[in-house]
Amino acid sequence: MKKALSIALTLMLTLSLLCVGAFAEATDFTGTWYTRMYGVEFVFVLNEGGAYTVSLSAMGEAEESEGTWEVTSAGVVFDKGTADEVVLTYDAQANSLTGMISGMELVFTREPVAAFELAPARSDAAPEEYDGQWVASLICLGEIQATPQDAQIDLFMTVEGGLNCLTMIIAGESTTINIAPEFSDGAMILNLDVADSSTPYVVVCQMLEDDSMSAAFPVEMFGQEAVFVLERV
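Residues numbered from 1 in each chain as written. Predicted model: local features only at pLDDT ≥ 70, side-chain atom pairs only at ≥ 80, totals over all residues. Heavy atoms only, no water.

Visitor: Explain the pattern of salt bridges to me, please; I cannot follow it from the model alone.
Guide: Note that side chains of opposite charge can pair when their charged atoms are close. Taken as a whole, this structure holds 4 salt bridges when the rule is applied. Of the charged contacts, one joins Glu41 and Arg36 as a salt bridge, the two residues approaching to 3.7 Å between their closest N and O atoms. With a closest N to O distance of 2.7 Å, Glu129 and Arg122 form a salt bridge. One salt-bridge network, in which partners are shared between bridges, spans Arg122, Asp124 and Glu129. (Salt bridge = Lys/Arg side-chain N within 4 Å of Asp/Glu carboxyl O.)

Here you go:
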């Protein structure tokens, strides 16, 4: 009995050491972590000894800051005890760090996150392929991407028999325009008459290879070119 108990204890100790080793390996947070939100790339570099650097890159500009980090029972804590304190929790299965930074939930992984790119546009789309109801799922302002909810801009289109009903809701104010579009080289072109403009605003819609639709609005409407990605509903 004593021999069996000794063997069992030895086995338990061996397993516990293996588990500790695996946990230690999984929770070695040093190195580089990546995420991307609204087109902004965040790169955290956690150095041995408790120092970190973080860089933010967007629209050709970069900003870098530094601070301290440590591991506690709550997770990986950055700038502990300061007004900038942030806690990221670790998901061992996904090998990711997640937490709220500046009001946004960010998920950091070990691999860089590719920037969003529209699917290629089709030049062979027939006018009837645009028929149906469409709703915006993403808004691209330069390199910045946001959901309609975050941007407080909703866009709906109904296309039927060569007629387009476009509804745009900005900060709760709704505008609906009924228009007969033009079609050229697979694109649907909308000439929007705007009260304070002497020339129509030209919106170019294109069917994309992933079966979504893009709608490019001119610089005059949003201060820079805005491209809406719409999905069929």
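Moving on from the coordinates now.
Visitor: Hey, could you run me through the side chain of Thr35 in this one?
Guide: With respect to the helices and strands, Thr35 occurs in strand E1 (residues 31-37). When neighbours within four sequence positions are excluded, Thr35 is seen to be in contact with Val40, Glu41, Phe42, Leu106, Val107, Phe108 and Val113. (Helix = DSSP H or I, 4+ residues; strand = E, 2+ residues; numbered from the N terminus. Contact = heavy atoms within 4.5 Å.)

Visitor: What is the right way to read the pairing of strand E9 (residues 132-141) from this model?
Guide: Direction of pairing for E9 relative to strand E11 (residues 153-160): antiparallel, over a ladder of 4 bridges. What sits directly across from Gln133, in E11, is Thr158. Across 7 bridges, the pairing between E9 and strand E18 (residues 226-232) is antiparallel. Across the sheet, the residue bridging to Leu141 is Ala226, located in E18. Pairing of E9 with strand E10 (residues 144-146) involves 3 bridges; the strand directions are antiparallel. Following the sheet pairing, Ile139 is matched in E10 by Ala146. Hairpin geometry of E9 and E10 is characterised by an intervening segment of 2 residues between the two adjacent antiparallel strands and by a positive phi of about 65° at Gly142. (Pairing = 2+ DSSP bridges.)

Visitor: What am I meant to see in a negative patch on the surface here?
Guide: Taken together, Glu209, Asp210, Asp211 and Glu231 make up a surface patch of like negative charges. For Glu231, the location among the structural elements is in strand E18. (Patch = residues over 30% accessible without salt bridge, like charges linked within 9 Å, V, L, I, M, F, W, Y side chains within 5 Å. Areas by Shrake-Rupley, 256 points an atom, 1.4 Å probe, with all protein chains shown as cover. Lys, Arg positive; Asp, Glu negative; His and termini not counted. Charge placed at Lys NZ, Arg CZ, Asp CG, Glu CD.)

Visitor: How should the nonpolar core be read in this particular structure?
Guide: Note that soluble globular proteins tend to have their nonpolar side chains buried in a common cluster. With 25 residues, the main nonpolar core has Leu155, Met157, Leu190, Cys205, Phe217, Phe228 and Leu230 as its most contacted residues. Those elements giving two or more residues to this core turn out to be E9, E11, strand E12 (163-170), strand E15 (187-192), strand E16 (201-207), strand E17 (213-217) and E18. Every residue in contact with Phe217, bar those within four places of it in the chain, is listed here: Leu155, Leu166, Met168, Leu192, Val203, Phe222, Glu225, Ala226 and Phe228. Judged by nonpolar contacts, the second largest core, of 18 residues, contains Trp33, Val54, Leu88 and Ile101. (Core = buried A, V, L, I, M, F, W, Y, C linked by side-chain atoms within 4.5 Å. Buried < 20%, exposed > 50% of the residue type's maximum accessible area, 1.4 Å probe, protein only.)

Visitor: Help me out: how do you make sense of the sheet that holds E1 in this one?
Guide: Within a sheet, neighbouring strands are paired by backbone hydrogen bonds and run either parallel or antiparallel to one another. In space, the 8 strands of this open sheet follow the order E1-E2-E3-E4-E5-E6-E7-E8, with antiparallel pairing throughout. Looking at which strands have only one partner, the edges of the open sheet turn out to be E1 and strand E8 (104-108). This sheet shows a mean twist of 25° between the axes of neighbouring strands, independent of strand direction. Across 5 bridges, strand E7 (residues 96-101) lies against E8 in antiparallel orientation. Following the sheet pairing, Ile101 is matched in E8 by Met104. (Axes fitted to C-alpha atoms, helices over the stretch in contact; angles between N-to-C directions.)

Visitor: In this structure, what is going on with the packing of aromatic side chains? I would like to understand it.
Guide: Inspection of the entire model under this criterion finds 10 aromatic pairs. Where Phe222 meets Phe228, the ring centres are 6.0 Å apart and the plane angle is 55°; that geometry is what we call tilted. The class for Phe222 is partly exposed, based on a relative accessible area of 23%. According to the relative accessible area criterion, Phe228 is buried, its value standing at 0%. Put simply, the rings of Phe44, Tyr52, Phe78 and Phe108 pair up and form one aromatic cluster. (Phe/Tyr/Trp six-rings, centres within 6.5 Å; stacked < 30°, edge-to-face > 60°.)

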